[in-house]
Amino acid sequence: MSEASEHIKTLIIGSGPAGYTAAIYAARADLNPVVYTGLEPGGQLTTTTEVDNFPGYPDGVDGPTMMVELQQQAERFGTDVRIGMATAVDFSNEPGGLHRVTIDDNKEVLAETVIISTGATAKYLGLPSEQRLRGGGVSACAVCDGFFYKGQDVAIVGGGDTAAEEATYLANICRKVTMLVRKDHMRASKAMQHRVTSTPNIDLRYNTEIDEVLGNMVVEGLRMVNNKTGEKEEIAITGLFIAIGHKPNTDIFKGQLDMDDDGYLMTEGKSTKTNIPGVFASGDVQDKEYRQAVTAAGTGCMAALDAERYLATIETPV
Ligand code: NDP
């Protein structure tokens, strides 16, 4: 390590709505929070255009602007926001209960409390045409972006609970939803499958994958391929939703924090407590079900309150 270890009262890893909300609360409670932003300062919302469903913005707000404002709000109360990535952690029982976190592979900090808000990353198919049109009609969040396609024809890829839920959500807003499932069955629960099959404006296509997303600047259509017969078909759509799962950003916590089978951090009851005292988790990294900016912000607030209560119950290490 190039520098001596710095001692931090509350270290927040991640800078999405959960991390910054935790910072606002922690700073106002004199926990002197330090936020390390990670590789994508502002988190997933910086890849969204308009955010219309965050309370308090009657005219909507674009994602990057909202994240800058959240950062400014956290800084107003003294949060130290730093560009940097947590690259390793050691949550083993340190004398005094300090948690050791390595930043950018070359700096070590010792934290009395750690709030993990590293989020989750939506999976994409990886097709060049899909990547090119991200933000131009290709989205990984129907609840965030579906509204912009009101009355239009859209498509969704995936066969899990998320895809099923989002397909029915979109069907309420859009004229027609073509749903592409790569197998001959869906992975979603029977109840969710039933919702899909009983929604008249969802055109469910099994054994179907995307060959190419059509359009130059914006999505104009889709070329689908039946992976059994090889038959191709083009349809006109204006929006394409990818719902093939998320990957929680928890690799560095493996072996130290309890996770579920999908790698999401497990928290105790209604709290944000992980299995390590003094380490808390908020936002999408511990939530695969709701995944909204407002729910992430809510758990960020909870994590700061949990950290404050934890610090009040232990003898402050020197
Ligand atoms: P899942 O991993 O459950 O499902 C992903 C789906 O995407 C699968 O159908 C999979 O197909 C498909 N898929 C993956 N890669 C590709 C690809 N390259 N091309 C085409 N299709 C692909 O993810 P979800 O986000 O749906 O759900 C995650 C977890 O969250 C689950 O445990 C789910 O139950 C839970 N959840 C619960 C909800 C609720 O209870 N209300 C709501 C939302 C999620 P294949 O089956 O062929 O692998």
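Quick note: structure is the one above.
Nothing here was measured: the structure is a model prediction, and the numbers come from that model.

What to know about the sheet that holds strand E12 (residues 176-180)
Reading across from one edge, E10-E17-E11-E12-E13 is the order of the five strands in this open sheet, with parallel pairing throughout. The open sheet has two free edges, formed respectively by strand E10 (138-139) and strand E13 (202-205), since each of these has just one partner strand. The pairing of strand E11 (residues 153-157) with strand E17 (residues 239-242) spans four bridges and is parallel. Of the residues in E17, the one forming a bridge with Val157 is Ile242.

Remarks on unusual backbone geometry
Outside of glycine, negative phi angles account for most residues, and trans bonds account for most peptide bonds. Positive phi, close to 45°, is recorded for Asn32, a residue that is not glycine. Along the chain, Asn32 falls in the loop between helix H1 (17-28) and strand E2 (34-36). Residue class for Asn32 comes out exposed when judged on its relative accessible area of 52%. Backbone geometry at Asn207 places phi at a positive 50°, although glycine is not the residue there. Position of Asn207 among the secondary structure elements: in the loop between E13 and strand E14 (208-214).

Notes on the environment of Met224
With respect to the helices and strands, the residue Met224 is situated in strand E15 (residues 221-226). Note: C-alpha distance between Met224 and Gly38 (186 residues apart in sequence) is 36 Å. Sequence-distant contacts of Met224, defined by excluding residues within four places in its chain, comprise Thr178, Leu180, Arg205, Thr208, Glu209, Asp211, Glu231, Lys232, Glu233 and Ile235.

Brief notes about the environment of Arg175
Summarising the element assignment, Arg175 is placed in the loop between helix H5 (161-173) and E12. Between the alpha carbons of Arg175 and Leu214 there is a distance of 19 Å; along the sequence they are 39 residues apart. Ignoring sequence-local partners within four residues, the contact set of Arg175 consists of Gly151, Gln152, Asp153 and Asn201. A polar side-chain atom of Arg175 sits 3.0 Å from a polar atom in the side chain of Asp153.

Side note on the packing of H5 against helix H6 (residues 190-197)
The contact between H5 and H6 brings their axes to 9 Å, and the two run at 35°. Along this stretch, H5 crosses H6, giving a crossing that reads as left-handed. Residues Asp161, Ala164, Glu165 and Thr168 of H5 lie in contact with H6, whose contacting residues are Met192, Arg195 and Val196. When the residues that make up the contact of H5 with H6 are grouped by side-chain class, the tally is three nonpolar, one polar and three charged.

What counts and how
- Residues numbered from 1 in each chain as written.
- Predicted model: local features only at pLDDT ≥ 70, side-chain atom pairs only at ≥ 80, totals over all residues.
- Heavy atoms only, no water.
- Pairing = 2+ DSSP bridges.
- Helix = DSSP H or I, 4+ residues; strand = E, 2+ residues; numbered from the N terminus.
- Buried < 20%, exposed > 50% of the residue type's maximum accessible area, 1.4 Å probe, protein only.
- Contact = heavy atoms within 4.5 Å.
- Polar contact = N/O pair within 3.5 Å; in protein donor to acceptor, adjacent residues only side chain to side chain.
- Axes fitted to C-alpha atoms, helices over the stretch in contact; angles between N-to-C directions.
- Left-handed = near helix turned anticlockwise from the far one by under 90°.
- Nonpolar A, V, L, I, M, F, W, Y, C, P; charged D, E, K, R; others polar.

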